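# Overview (structure and organization)
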Amino acid sequence: IEVELLAKGHSDLGEAAPEIKASERRAAVAIADLEWREMEGDDCGFHYGDGTNEAQDNDFPTVERSRLQEMLALLGLETYQGQRLSLQDSLQISFDSMKNWAPQVPKDLPWHFLRKLQALNAEARNTTMVLDLPADARPAEKEGQMEEEIIYWDPAEDIAADDIYSFSELPTPDTPVNPLDLLCALLLSSDSFLQQEIILKMSLCQFALPLVLPDSENHYHTFLLWALRGVVRTWWSQSPRGLGSFREDSVVLSRVPTFAFVRMDVSSNSKSQLLNAILSPGHRQWDCFWHRDLSLGTNPREIADGLVEISWFFPSGREDLDVFPEPVAFLNLRGDIGSHWLQFKLLTEISSAVFILTDNISKKEYKLLYSMKESTTKYYFILSPYRGKRNTNLRFLNRLTPVLKIDHSHVLVKVSSTDSEGFVRRLRAIVGGVARGPCRRVSVEDMAHAARKLGLRVDEDCEECQKAKDRMERITRKIKDVDAYRRDELRLQGELGRKAAQAEREFCQLQWAPEPPEKYRVELRRRLLELRMQQSGQEPSTGLQDFVVGISSPSTSERQYFLRWMEWGLARVGHPRLRQPPETLLALRSKLGGASDFSEPFWPEPLGVEHFLREMGQFYEAESCLVEAGRLSAGQRRFAHFPGLAAELLLAGQPLELVDGGTLSIPVRWVTGLLKELHVRLDRRSRLVVLSALGVPGTGKSTLLNTMFGLRFATGRSCSPRGAFMQLITVAEGFSQDLGCDHILAIDSGALISGASTSAGDRFELEASLATLLMGLSNVTVVSLAETRDIPPAILHAFLRLEKTGHMPNCQFVYQSLHDVPAPSPKPRERRQVLDPPSDLSRAAAHIEKQSGGFRTLAGLAFCDPERQHVWHVPGLWHGAPPMAAVSLGYSEAIFELKRCLLENIRNGLSNQNKNIQQLIELVRRL
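Think of each chain on its own: its residues are numbered from 1, step by step along the sequence as written. Local features in a predicted model are, by the rule used here, given only for residues with pLDDT of at least 70; side-chain atom pairs are given and counted only at 80 or more, and totals for whole chains, interfaces and linings are based on all residues. In computing side-chain values, all of the structure's heavy atoms are included and hydrogens and water are not.

The name an unreviewed UniProt entry assigns to the chain is Up-regulator of cell proliferation, from the organism Cavia porcellus. UniProt positions are given in the numbering used here, feature names are shortened, and annotations may be inferred rather than shown by experiment. What UniProt states about the chain under its Sequence similarities (unreviewed entry) heading is, verbatim, "Belongs to the TRAFAC class dynamin-like GTPase superfamily. Very large inducible GTPase (VLIG) family."

So this is what it looks like as structure tokens:
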């Protein structure tokens, strides 16, 4: 392998990398890692000829392989090295979902971390273990201690003070694991989609994100481009003319100044603490990067050295909070640059400036830095000379001055007596000065390109991912104008689709009329059949055909890759994003004069994956209608397999539309066909509980469901889809008997219920009908409220209508604070006020629903005892001011308690009668 690489030219290794096999690329990385040793004349154990250097040939790889494999075994992850841990595995509901448990052994740590991260809990990185031992099992010397003992590692117990940077023995079952080791081990054991989910949740918690994942066993470091693609951020963008607006974009595509912080040999100063101080506005420091002063922060890293982390600063438009006027990226290399030369080389090629923290500059470090003489990157040194050799440092710095093009302003000194706040201000000034000047600006995609040239593996380069990307680009490159594309390529959703949906709605309503005129019924049936025949006469467009091929791939991974690429690709070509501050719809409604009747949403519906699935549904609906009418034989069907494709997507965790956002109706044949296919695939595990979330857009219902169960419903970050969506949650087989169901079907009402008043006519009637439908399908309904008395009229009427049917779901009313002030726990009287609507609304509701005796209040209708937990007050989502705010711990804990209560109600049978899929199909038809 070495001869072949050298024949291609060692200096041109990056260009050769795509042409050579995977084993050769690993060797290329190993050679690059050892370059710095060769500069000192050290042969590094590589001997050509008789191979007499036996002692050094295998020692290094064997030790590292053992360290990684033992860490995976310690955490119980060794079984996931072949079949990787999937996103669906991590989201299953089990016994542990109902309790706030603490890890007791290292094998609990990965699952504890995933559950905390799913709940956006800021304490997810804490790997403290709690032992709960019976009295006779405790060691004799600990008899007087508490039953629950928190175990911390004391660095003084195992290694000497002068060996603080060396590896210790691997953790034992009684020793907490370094959080960075846990993260690396979990990412190495996860598939691409779970990696993406982990990083997305970490970004919401404002944790630093892994960029280069080390694999010390194989020297096969991975650049995590795909894993970062799902991270989208919003920030204040200031134009040169002084006019500002909010901008939303993927962090992977945004080109920003980038600053790297690295350690050379030993440093008394902590890179991570300095970075946290730079990123934190005001006096509130957020621990974005894990550091040595945190609990467990001093635990030795076993497999995480070589990890490169990335974090960003994003401006908010507030002068008192904005440390920098534009987005800035910060990189942090874990470990010494001498041991991780390849990663350091990458950072020098992608950074605007590199800050090197060290106490000593020796001959070895001097030669290492001298090799960077061709680099155009700016270099800064942060020294602690009192701990190092001051004169030696000065001598080597003087030699490096012309080589690295630095002067005295590039050398900073920080000792224990240095004013920390003043030092951080100086660092911010340097970063700001470099960013304002002509400096290198790179996106994560640009970084990945540089990583490929150096021989690093990029996670996105796998064949399945690239095939899916190519298919997405074939579809999206034809989209020049979204409206024109919908009109020309998604034809069945246009005027024909709207007229057919209206005819279907009228035909359904006729079934409940006392004595419908037969002539009108026949005419309506004829009109509907004519519309369906016109739809059936159309051919699927090229774009739709490519989409169907994409979701028909026999490879589950390729289907998933394709759907993710489609989501991002369509977001890039869709309507321009909102350029106004990200306010809730309730706030915007008050600015529009308090109007509560949105006959049309005031934002354009974005083009999304759901539009292609709607088109498939319309082809299936039209064909099924003709088969029912005898105009088409079953053998002539072309689209009968469409529901099966959609059912596979639902099983894989893709949210699917239940209520068509274009026509605001349920395509009954399509939905029932999909559910039938789902029933076939689930076989005996088809017992369902249906959980719905209703509320006005902007009240946080989608975020609530996503946080509670790890779902993927669209949030109000930009233009949300209008329809109601459903997503399937699997219950672990060992827990399904106890819970009483095999799956939970979660339904998000989306933007269907805008809060239209009873005087809004057809719009209100439509909203009330849709609310009745969604609640009628549900065993459990969560009503999300932004204000304690802001219960939408449509939902009040849904309660009245459902009382007539005798079907009333278990209801939980969730008041979510839209501000950063924690909401106090309500008193029983206040809880009752939430469930008692104003008297004028009560009378109006009773009049419209023609109920004698008036409206009895929600407390009576929903069987809500105000003394019990039917009303929840949830603190604000953010701790601080976005975009640099993290999810508040109070929000995360409150949502977990709500989840626990919902699952407890389901287990205790308080959620109405659970149903199987066949019963759900019949309920859809009836409602």
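Structure shown, so let's carry the discussion forward.
## Side note on the overall build of the chain
Looking only at helices and strands, the chain has 37 helices and 24 strands in total. In the chain, which comprises 927 residues, the proportion classed as buried is 56%. Any two residues whose heavy atoms approach within 4.5 Å are treated as being in contact. Relative to all contacts within the chain whose residues are 6 or more apart in sequence, the contacts with residues 24 or more apart total 76%. If you sum the accessible surface of the chain, you get close to 39900 Å²; carbon and sulfur atoms cover 50% of it. Per the convention used, a helix needs a DSSP run of H or I reaching at least four residues, while a strand needs a run of E reaching at least two, with both numbered from the N terminus. Partly exposed residues are those whose accessible area sits between 20% and 50% of the maximum for their type, while under 20% is buried and over 50% is exposed, using a 1.4 Å probe and protein chains only. Using the Shrake-Rupley algorithm and a 1.4 Å probe, accessible areas are obtained, with residue cover drawn only from the displayed protein chains.

## Topic: the packing of aromatic side chains
Classification of ring pairs rests on two measures: the distance between centres of Phe, Tyr or Trp rings, Trp counted by its six-membered ring, which must be within 6.5 Å, and the angle between planes, read as stacked under 30 degrees, edge-to-face over 60 and tilted in between. Evaluated as defined, the whole model comprises 27 aromatic pairs. Feature note: the residues Phe259, Phe261, Phe313, Phe324, Phe330, Phe355 and Tyr380 constitute an aromatic cluster, connected by ring pairs. In this scheme, Lys NZ or Arg CZ marks a charge over a ring once it lies within 6 Å of the ring centre and within 35 degrees of the ring normal. Sitting above the plane of the Phe396 ring, Arg395 keeps its charged end 5.4 Å from the centroid. Over the ring of Tyr366 we find Arg399; its NZ or CZ atom is 5.7 Å from the centre of that ring.

## Comments concerning the pairing of strand S19 (residues 780-785)
The buried fraction of S19 amounts to six of the six residues, a majority that puts the element mostly inside the structure. Burial of S19 is two-sided: the residues Val780, Val782 and Ser784 facing one way and the residues Thr781, Val783 and Leu785 facing the other way are all buried. Direction of pairing for strand S16 (residues 687-694) relative to S19: parallel, over a ladder of four bridges. Counterpart to Leu694 in the pairing with S19 is Val783. A pair of strands is labelled paired if DSSP reports no fewer than 2 bridges between them. Inspection of the sheet shows S19 paired to strand S20 (residues 810-816) by six bridges, in the parallel sense. Its bridge partner lying in S20, Val783 is registered against Phe813.

## Structural notes on a positive patch on the surface
Patches in this entry comprise residues that are over 30% relatively accessible and not in a salt bridge; like charges within 9 Å are linked, as are nonpolar side chains (Val, Leu, Ile, Met, Phe, Trp, Tyr) within 5 Å. Between Lys or Arg on one side and Asp or Glu on the other, a salt bridge is scored when a side-chain nitrogen of the former is within 4 Å of a carboxyl oxygen of the latter. Charge counting treats Lys and Arg as positive and Asp and Glu as negative, with His and both chain ends excluded. A charged residue contributes its charge at one atom only: NZ of Lys, CZ of Arg, CG of Asp or CD of Glu. Taken together, the side chains of Arg474, Arg477, Lys478 and Lys480 make up a positively charged region of the molecular surface. Residue position: Lys480 is located in the loop between helix H19 (463-476) and helix H20 (482-489).

## Points about the environment of Pro667
In this fold, Pro667 is placed in the loop between strand S15 (656-659) and helix H28 (668-682). Judged by relative accessible area, which is 14%, Pro667 ranks as buried.

## Structural notes on the packing of H28 against helix H37 (residues 917-926)
At a closest axis distance of 9 Å, the pairing of H28 and H37 adopts a crossing angle of 175 degrees. Compared by their axis directions, H28 and H37 come out roughly antiparallel. In this structure, H28 contributes Val668, Thr672, Leu675, Lys676, Leu678, His679 and Leu682 to the contact, and H37 contributes Ile917, Gln918, Leu920, Ile921, Val924 and Arg925. Class assignment for the residues of the contact of H28 with H37 results in eight nonpolar, three polar and two charged. The axes used here are C-alpha line fits, helices contributing only the stretch in contact, and every angle between their N-to-C directions lies in the interval 0 to 180 degrees. Working definition: roughly parallel below 35 degrees, roughly antiparallel above 145 degrees, roughly perpendicular at 65 to 115 degrees, and oblique for all remaining angles. Side-chain classes follow a simple rule in which Ala, Val, Leu, Ile, Met, Phe, Trp, Tyr, Cys and Pro form the nonpolar group, Asp, Glu, Lys and Arg form the charged group, and the remainder, Gly included, forms the polar group.

## Quick notes on helix H24 (residues 556-573)
Between its terminal C-alpha atoms H24 stretches 26 Å, which fits the 26 Å expected from 18 residues at 1.5 Å a residue. Of all the residues in H24, the buried ones are Glu558, Arg559, Gln560, Tyr561, Phe562, Leu563, Arg564, Trp565, Met566, Trp568, Gly569 and Leu570. The length a helix should cover is 1.5 Å for every residue beyond the first.

## Structural notes on unusual backbone geometry
In this model, Pro882 is joined to Pro883 through a cis peptide bond whose omega is 10 degrees. The residue Pro883 is located in the loop between strand S22 (878-879) and strand S23 (886-887) in this model. One non-glycine residue with positive phi stands out, namely Leu120, at about 55 degrees. On the secondary structure map, Leu120 appears in the loop between helix H8 (109-118) and strand S1 (130-132). Backbone geometry at Asp683 places phi at a positive 55 degrees, although glycine is not the residue there. Judged by its relative accessible area of 51%, Asp683 falls in the exposed class.

## Quick word on the pattern of salt bridges
Across all of its chains, the model carries 39 salt bridges by this definition. In this structure, the salt-bridge partner of Lys201 is Glu197, at a minimum N-O distance of 3.7 Å. Of this pair, Lys201 and Glu197 both sit in helix H11 (residues 192-204), separated by four residues, roughly a single helical turn. Residue classification places Glu197 among the buried residues on the basis of a relative accessible area of 11%. Linking Glu904 and Arg907 is a salt bridge whose minimum nitrogen-to-oxygen distance equals 3.2 Å. Note that Glu904 and Arg907 are positioned in helix H36 (residues 889-907) at a spacing of three residues, about one turn of the helix. On the accessibility criterion, Glu904 (23% relative accessible area) is partly exposed. Look at Arg907 and you get partly exposed, because its relative accessible area is 30%. Each of Glu504, Arg532, Glu621, Glu628 and Arg669 takes part in salt bridges that share partners, so that together they form one network.

## Re the pairing of strand S10 (residues 353-358)
Where burial is concerned, most of S10 is hidden: six out of the six residues are buried. Burial along S10 is two-sided: Ala353, Phe355 and Leu357 facing one way and Val354, Ile356 and Thr358 facing the other are all buried. Pairing of strand S7 (residues 256-263) with S10, which is carried by five bridges, proceeds in the parallel orientation. Paired with Phe259 across the bridge in S10 is Ala353. Seen with its strands pointing away from the viewer, a crossover is right-handed when the path leading from the first strand over the helix to the second is clockwise. With respect to chirality, the unit in which S10 leads through helix H15 (residues 363-370) into the neighbouring parallel strand S11 (residues 378-383) is right-handed.

## Overview of H8
Counting along an α-helix, one turn takes 3.6 residues, and residues three or four places apart therefore face a common direction. For H8, the buried fraction is high: eight of the ten residues fall into the buried class. For H8, the set of buried residues is Leu109, Pro110, His112, Phe113, Leu114, Lys116, Leu117 and Gln118. Residues of H8 that are buried make contact with helix H7 (87-91), helix H10 (179-188), H11, helix H29 (701-709) and H36. In the segment just after H8, Leu120 is the residue with positive phi, at about 55 degrees.

## Some details on the environment of Ser362
Structurally, Ser362 is set in the loop between S10 and H15. By relative accessible area, Ser362 is classed as partly exposed at 30%. For Ser362 and Asp265, which are 97 residues apart along the polypeptide, the C-alpha to C-alpha distance reads 9.0 Å.

## Digging into the side chain of Arg229
By the secondary structure assignment, Arg229 is in the loop between helix H12 (225-228) and strand S5 (232-238). Among the residues examined, Arg229 registers a relative accessible area of 8% and is labelled buried. Two N or O atoms form a polar contact when they lie within 3.5 Å of each other; inside protein one atom must be a possible hydrogen donor and the other a possible acceptor, and for residues adjacent in sequence the pair counts only when both atoms belong to side chains. Here Glu460 takes part through its side chain, which lies 2.5 Å from a polar atom of the side chain of Arg229. Apart from the residues lying within four places of it in its own chain, the contact partners of Arg229 are Gln196, Ser250, Val252, Leu253, Glu445, Glu460, Trp565 and Trp568.

## Points about the nonpolar core
Across soluble globular proteins, nonpolar side chains have a tendency to be buried as a group. In terms of nonpolar packing, the biggest core is built from 152 residues, with Phe223, Phe344 and Phe381 touching the most fellow members. Here Phe223 is in contact with Leu211, Val212, Leu346, Val444, Met447, Ala448, Ala451, Arg457, Val458 and Asp459, once residues within four sequence places are set aside. For this analysis, a nonpolar core means a set of buried residues of the types Ala, Val, Leu, Ile, Met, Phe, Trp, Tyr and Cys, connected via side-chain atoms within 4.5 Å. Val482, Ile666, Trp670 and Phe764 belong to the second largest nonpolar core, which has 84 residues in total.

## Some thoughts on the confidence of the model for the chain
Averaged over every residue, the pLDDT of the chain is 81; the share at 70 or more is 76%. A residue's pLDDT is the predictor's confidence in that residue, given on a scale from 0 to 100. Within the model, the stretch residues 10-22 combines pLDDT values under 50 with 18 contacts to residues more than four positions away or in other chains. Here residues 852-856 is a poorly scored stretch, pLDDT under 50, and it has eight contacts once near neighbours within four places are set aside; other chains count.

## Some thoughts on the state of the cysteines
Our working definition of a disulfide is a cysteine sulfur pair at a distance within 2.5 Å. Taken as a whole, this structure holds zero disulfides when the rule is applied. Of all cysteine sulfurs in the structure, the one in Cys465 sits closest to Cys462, which takes part in no disulfide; the separation is 4.9 Å. Residue class for Cys462 comes out partly exposed when judged on its relative accessible area of 27%.

## As for the packing of helix H14 (residues 341-350) against helix H18 (residues 444-453)
Contact geometry for H14 and H18: axes closest at 10 Å, N-to-C directions at 135 degrees. The angle between H14 and H18 places the two elements in the oblique class. In terms of crossing hand, the pair formed by H14 and H18 is right-handed. Of the residues in H18, those in contact with Leu346, Glu349 and Ile350 of H14 are Met447, Ala450 and Ala451. When the residues that make up the contact of H14 with H18 are grouped by side-chain class, the tally is five nonpolar, no polar and one charged. Handedness of a crossing follows from how the near helix is turned relative to the far one, being left-handed for an anticlockwise turn of less than a right angle and right-handed for a clockwise one.

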